[in-house]
Amino acid sequence: MTGKEILMAALRGSKTPRAPWVPFVGVHGGSLIGLDATAYLQSADAIVSALKQARDLYQPDGLPVVFDLQLEAEVLGCQLAWARETPPSVSSHPLQSGCDLSQLPAFSTEKGRIPLVLEAVRRLKTEMGDAVALYGLLTGPLTLALHLRGDEVLLDMFDDEDSVPELLDYCAGIACQMADAYLDAGVDVIAVVDPMISQIGPGHFSTYVAPPNNRIFDHVRARGALSSLFVCGNATRNLEAMAATRCDNISVDENVDMAALARIAAAAGKSFGGNLQLTVVLLLGDENDARRDAVRCLDQAGSSPGFVLAPGCDLPFAVKPENLQAVASLVRDPYQLQVARNLPAKVDSDDFADIEIPDYSAELAVIVDVVTLDSAGCAPCAYTVKAAQEAASAYGGAAEVREHKITGRDGLGYMKKLQVTAIPSICVDGREAFASIIPDRKDLIAALRCAADRK
Amino acid sequence: MEPKLNELSEAIKAGRRKEAKLATEELLAAGVAPEEVMSALSAGMDDVGRRFKANEIFVPEVLVAARAMQTSMNLLEPVLLSVGSEPEHTVVIGTVEGDLHDIGKNLVAMMVKAANFKVVDLGTNVSPDAFIAALREHRAAVIGLSALLTTTMPAMRRTVELIRESGVAVKVMVGGAPITQQFAQEIGADGYAPDAASAVDEAKRLIARTAA
C-alpha cells in the first residue's frame, strides 16, 4: 500500500498496517523556503516548492495545500492584517453593524487568493498526487460567520435566533463552492476547519452549527469525496455532538483526550486524528519530546481503526523540521516506536541515585557503555553492540564493553547520567561518542585510543 | 429591597439585559446604596465565572451575561462616582504586540470589572511601551497580558522583560490559548490563569500577596 492508500483507508475507518501521518504544513512551508507568511500565502510557486520540500523532509501520507482560514473572508470584504509568522488575521467585520447578507460582495472562487491556491492544488496533484493525499481546507461556517459579523454572532444566538441559521447557512453555501473548486482541482479530502466550535457548548453546536456543517459533509459525500471536521482549540465538550454530524473524520487539537475521542469516534463509526502538541513539543521541544508525544497519540488512539497521526492544528511557522522528521521516521519503524515508548519522562524527578556509574578516569580499561533498547530484540542495537565488541578486541589495549538496556533501570540510569541523546548509543569512558550510528571500526578504535591517552 | 437585588443577580446570570436594566433603575430610584447594587452584579458574574470554569456554560453565555452587566454598569457607574466610591485596585489589560485576538481578553476584562476592579483595556496589538505608559498613568496593581498565537508568545516574553526593566512595581499575570503555567514561569510572570474566571481569582491572589 502506498502512504496515500494507507491514509485514505484510515479515513474510511479501515484497519491499516500503520498509522498514516499528515503534518499540517501551513505557514511553516514559508520557513522551509525562506519566505515569511505574507509572501508565502500569496504565491502558488512558493506553496508548490515548499510542499515538495515538506514531502521530502517529512514523508507525509497527506498534506494540506494551504492552511489559511481567511481566504473566503478576504473575498467577502473582511480586511486582513498580514503577519510574518502566522496566517493573516481578520481586522474588520463587514456585517458587524447589521446582518444584511445582500451587503456582501458576490462570492466566487475566482476572486482573491483562491485561484492561486487552486493552481497550487493542480500543480501538486501532478507532482505528488499519486503518493500523497491532498487536503483542501475551507473555513467552517461558524468561523466564517465570526469573520463576517464578529462576536456579535454569539450574542445573536440569544437575541436573534433567525439570523444565525441564515448567516451560517450562507457560510455553508460558500463552503460548498470552495469544496467544489478544490475537488475539481484534484484534492482528495475536504477539511472543514471550524475552530470557533471550541468556544461554544454542545447545545449551540447542535442547534446552529451542526446543520450547516452537515450540508457541507453531504455535499462532499455526494461528490464521492471524504470530509474531515477539524477543530483547533479545546473541543472536548463537543466531541459527541461532532461525532453525530455526517463527516467521515474528526481531527482535534492537543487539549482533547485522544483516548476519549477514540471511544467516541469508534461508537459513531468515524475515523479520527490529531493531536501532537504544537508549541511545547513541536516548536519548543526536541526530537525525543516529539517521539514521546507521537507515542502518546498512538497509544491513546489504541487499536481502533481509522487513526490519523497529525498535529493538533496548523504547525507553527518556525517548528523544528527535525522534530517532524523524528515523527515521520517513527511512524514507519516499529523499532523506533518501541524505543520511544521506553524513553524516560521529560521532567524526571528520578535521579537514579541507585545506579552508580564508574569513575572512568580511575578504571584501567577504557569502558565502552552501549546504551540500547535490548540487543536481543532489536537489530540496530545488536549490530551496535557487536561493532563495539569487535572494535574493542581489535583495539589491542584494555577495553571493556558493557551493554545497558533501557528496558530496565540500569539502562535508564546510564541514559540519564551519560546524557545519551539517541538509542542505540556508544559512550567511551562516559562520553557519548556515537549516537544512533554504527561506527566504522577504525573510528571507534580511534575513540578508544583517545580515551586511553586521557587517562 | 433584597428580592430586587436578587432579581438583578439572576438577570445577570441569565444574560437578560432588559431585566438587568430595569432592576438597576428600580434599585437606584429606591435609594439603595450603589455599592449594594454593585455587589449584586458581582454576585451574578461570580456565578457565571464559576459555571464557565466548570464547563457548564461557554463563551456565548458569558458574553451575553457580560452584556447584561454592562447595561447595568452604564447606569450604576455615574452613581458610584458621585458618591466617591471607586474600585480600590486597577488592572491594565491587553493583547500583546502582533496579536489581534480579543475575545479571551474581553472576557477577562469583563470578569475582572465585575469583581470590582477598575479595568484599563488597551485593546489588541499593544506594544510594551504602551503597556508601561498605562501602568505608570493608572498606577495599576496588576497587568494582564493575553496571547492567542504561538507566534506572539515571544512578544509576551519581551513585554514582561521590558516591564521588569522599567522598574514599575506591578504583578504580571498572563493567559491565552497557547500559554501554560510552565511558560508563565519561564518568562517570569507572577501569575497565570487558564480561563477568564480564574483570572479574577489570580488577580485577587496577586494583590493579596502584594499587601501581605
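Sequence order as written defines residue numbering, which begins from 1 separately in each chain. Written order determines the labels here, with chains lettered from A and ligands numbered from 1. Totals for whole chains, interfaces and linings use all residues, but because this is a predicted model, local features are given only for residues with pLDDT of at least 70 and pairs of side-chain atoms are given and counted only at 80 or more. Water and hydrogen atoms were dropped before computing side-chain values, which therefore reflect all heavy atoms in the structure.

Comments concerning the overall build of chain B
- Numbered from the N terminus, helices here are DSSP runs of H or I no shorter than four residues, and strands are runs of E no shorter than two. Counting its regular elements, chain B contains nine helices and five strands.
- A radius of gyration in this sense is built from C-alpha atoms; the matching globule rule multiplies 2.2 Å by the number of residues raised to 0.38. In terms of C-alpha radius of gyration, chain B reaches 17 Å, essentially the compact-globule figure of 17 Å for 212 residues.
- For chain B, the spread of C-alpha atoms along the three principal axes comes to 50 × 35 × 30 Å.
- When the 212 residues of chain B are sorted by exposure, 51% land in the buried category.
- Carbon and sulfur atoms form 50% of the exposed surface of chain B, whose accessible area is close to 9300 Å².
- Working convention for charge: Lys and Arg count positive, Asp and Glu count negative, and His plus the chain ends are omitted. Here the site of a charge means atom NZ of a Lys, CZ of an Arg, CG of an Asp or CD of a Glu. Of note, chain B has its 22 positive side-chain charges centred 1 Å away from the centre of its 28 negative side-chain charges. Note on exposure labels: buried denotes an accessible area under 20% of the residue type's maximum, exposed denotes more than 50%, and partly exposed covers the range between, all computed with a 1.4 Å probe on protein chains only. Accessible surface area values rest on a Shrake-Rupley calculation with a 1.4 Å probe, where residue burial reflects the displayed protein chains alone.

With respect to the interface of chain A and chain B
- We call two residues contacting when some pair of their heavy atoms lies within 4.5 Å. Counting from both sides, the interface comprises 22 residues of chain A and, opposite them, 18 residues of chain B.
- The term buried area means the drop in 1.4 Å probe accessible area that two parts suffer when joined, counted for both and summed. Interface area for chain A against chain B, summed over the two sides, is near 1700 Å², with a carbon-plus-sulfur share of 71%.
- In what follows, salt bridge is the name for a side-chain nitrogen of Lys or Arg lying within 4 Å of a carboxyl oxygen of Asp or Glu. There are two salt bridges connecting chain A and chain B.
- With a closest N to O distance of 3.5 Å, D159 of chain A and R17 of chain B form a salt bridge.
- Element by element, the count of residues in the side of chain A that touches chain B is highest for helix 8 (residues 152-159) of chain A, at five residues.
- When grouped by side-chain class, the residues that make up the side of chain A that touches chain B number twelve nonpolar, six polar and four charged. The nonpolar class holds Ala, Val, Leu, Ile, Met, Phe, Trp, Tyr, Cys and Pro. Asp, Glu, Lys and Arg form the charged class, and all remaining residues, Gly among them, are polar.

As for the sheet that holds strand 10 (residues 366-372) of chain A
Residues and elements named next belong to chain A.
- Only strands that DSSP links by at least two bridges are regarded as paired with each other. Within the open sheet, the four strands sit side by side as 11-10-12-13. Their pairing is mixed. Every other strand in the sheet has two partners, leaving strand 11 (399-405) and strand 13 (431-435) as the edge strands with one partner each. Taking each pair of neighbouring strands and ignoring which way they run, the sheet shows an average axis angle of 25°.
- One ladder, built from four bridges, connects strand 10 with strand 12 (residues 425-428); its direction is antiparallel. For V370, the partnering residue across the bridge sits in strand 12 and is I426.
- Only the stretch in contact is used when fitting a helix axis, every axis being a line fitted to C-alpha atoms; angles between N-to-C directions are given from 0 to 180 degrees. Against the sheet, helix 17 (residues 379-395) contacts strand 10, strand 11 and strand 12, and its axis sits at roughly 170° relative to strand 10.
- Contacts from helix 19 (residues 441-454) reach strand 10, strand 12 and strand 13 within the one sheet, and its direction differs from that of strand 12 by about 30°.

Focus on the packing of aromatic side chains
Residue and element names in this part refer to chain A.
- Between 30 and 60 degrees the pair is tilted, below 30 it is stacked and above 60 it is edge-to-face, where a pair is any two Phe, Tyr or Trp rings, Trp via its six-membered ring, whose centres lie within 6.5 Å. Evaluated as defined, the whole model comprises five aromatic pairs over all chains.
- Note on F67 and F230: the rings are 6.4 Å apart at their centroids and 40° apart in plane angle, and the pair reads as tilted. Here F67, found in the loop between strand 1 (62-64) and helix 5 (71-75), pairs with F230, found in strand 6 (residues 226-231); they are 163 residues apart in sequence, far enough to count as distant. For the pair F67 and F230, a shared accessibility class is recorded, and that class is buried.
- Plain terms: the ring middles of F272 and F307 are 5.3 Å apart, the flat faces sit at 50° to each other, and that makes the pair tilted. Of the two residues, F272 is situated in strand 8 (residues 271-276) and F307 in strand 9 (residues 307-311); the sequence distance between them amounts to 35 residues. Taken as a pair, F272 and F307 share a single burial class, namely buried.
- The rings of F24, F67, Y135 and F230 are connected pair by pair, giving a single aromatic cluster.

Observations regarding the side chain of S89 of chain A
- Take S89 of chain A: it is sitting in strand 3 (residues 89-90).
- Ignoring anything within four residues of it in the chain, the contact list for S89 of chain A reads Q79, L80 and A81 of chain A together with L100 and H101 of chain B.

Description of the sheet that holds strand 1 (residues 90-95) of chain B
- The five strands are arranged 2-1-3-4-5 (chain B) in an open sheet whose pairing can be described as parallel. Since the sheet does not close on itself, it has two edges, and those belong to strand 2 (118-121) and strand 5 (191-192) of chain B, each with one partner.

Here we look at helix 14 (residues 287-301) of chain A
All names here are of chain A.
- The span expected for a helix works out to 1.5 Å for each residue beyond the first. Here helix 14 contains 15 residues, and its C-alpha end-to-end distance of 21 Å stays within 8% of the 21 Å for a straight helix at 1.5 Å per residue.
- Of the residues making up helix 14, those classed as buried are N288, D289, A290, D293, A294, V295, C297, L298 and A301.
- Considering only its buried residues, helix 14 is in contact with helix 12 (258-268), strand 8, helix 13 (278-283), strand 9, helix 15 (321-332) and helix 16 (334-341).

A short note on the nonpolar core
- With 202 residues, the main nonpolar core has L142 and Y182 of chain A as its most contacted residues.
- Per-element tally for this core: the top contributor is helix 9 (residues 163-185) of chain A, with 14 residues.
- What Y182 of chain A contacts, discounting residues up to four positions off in sequence, is L71, V117, L118, V121, G136, L137, L138, V187 and I190 of chain A.
- In these notes, a set of buried Ala, Val, Leu, Ile, Met, Phe, Trp, Tyr and Cys residues joined through side-chain atoms within 4.5 Å is what counts as a nonpolar core. Membership of the second largest hydrophobic core comes to 27 residues, among which are V96, L145, A155 and M156 of chain B.

Considering unusual backbone geometry
- At the junction of G274 of chain A and N275 of chain A, the peptide bond is cis and its omega measures out at -25° in the coordinates.
- Residue position: N275 of chain A is located in strand 8.
- Despite not being glycine, N116 of chain B has its phi angle at roughly 65°, a positive value.
- Relative to the elements of secondary structure, N116 of chain B occurs in the loop between helix 5 (103-114) and strand 2.
- The backbone of N125 of chain B sits at a positive phi, close to 55°, despite the residue not being glycine.
- Its location among the elements puts N125 of chain B in the loop between strand 2 and helix 6 (128-138).
- Judged by its relative accessible area of 40%, N125 of chain B is partly exposed.

Some remarks on the environment of S85 of chain B
Residue and element names in this part refer to chain B.
- Position of S85 among the secondary structure elements: in the loop between helix 4 (59-82) and strand 1.
- Between the alpha carbons of S85 and E25 there is a distance of 18 Å; along the sequence they are 60 residues apart.
- Contacts of S85, omitting those with residues within four sequence positions, involve E35 and L80.

Some words on the domain arrangement of chain A
Residue and element names in this part refer to chain A.
- Note that domain bounds follow an automatic or database assignment of domains. Split into domains, chain A comes out as domain 1 (3-341) and domain 2 (360-454).
- Distance between the C-alpha centres of domain 1 and domain 2: 45 Å.
- Across the contact, four residues belong to domain 1 and eight residues belong to domain 2.
- Summed over both partners, the interface of domain 1 with domain 2 comes to about 450 Å²; 65% of that surface belongs to carbon and sulfur atoms.
- The interface formed by domain 1 and domain 2 contains zero salt bridges.

Examining the pattern of salt bridges
All names here are of chain A.
- Taken as a whole and judged by the stated rule, the model has 40 salt bridges over all chains.
- For R223, the salt bridge goes to D180, with nearest N and O atoms at 3.0 Å. Of the two residues, R223 is situated in the loop between helix 10 (202-222) and strand 6 and D180 in helix 9; the sequence distance between them amounts to 43 residues.
- The salt bridge involving E390 is made with K386; its shortest N-O contact spans 3.6 Å. Remark: K386 and E390 occur in helix 17; sequence separation between them is four residues, near one turn of the helix.
- A residue is classified by how much of its surface remains accessible, and E390, at 31% relative accessible area, is partly exposed.
- Connected via shared salt-bridge partners are K4, K125 and D188.

Points about the state of the cysteines
Residue and element names in this part refer to chain A.
- Whenever a pair of cysteine sulfur atoms sits within 2.5 Å, that pair is classed as a disulfide. Inspection of the entire model under this criterion finds one disulfide over all chains.
- C297 carries a free sulfur, and the closest cysteine sulfur to it, the one in C313, is 14 Å from it.
- C297 gets classed as buried once you look at its relative accessible area, which sits at 0%.

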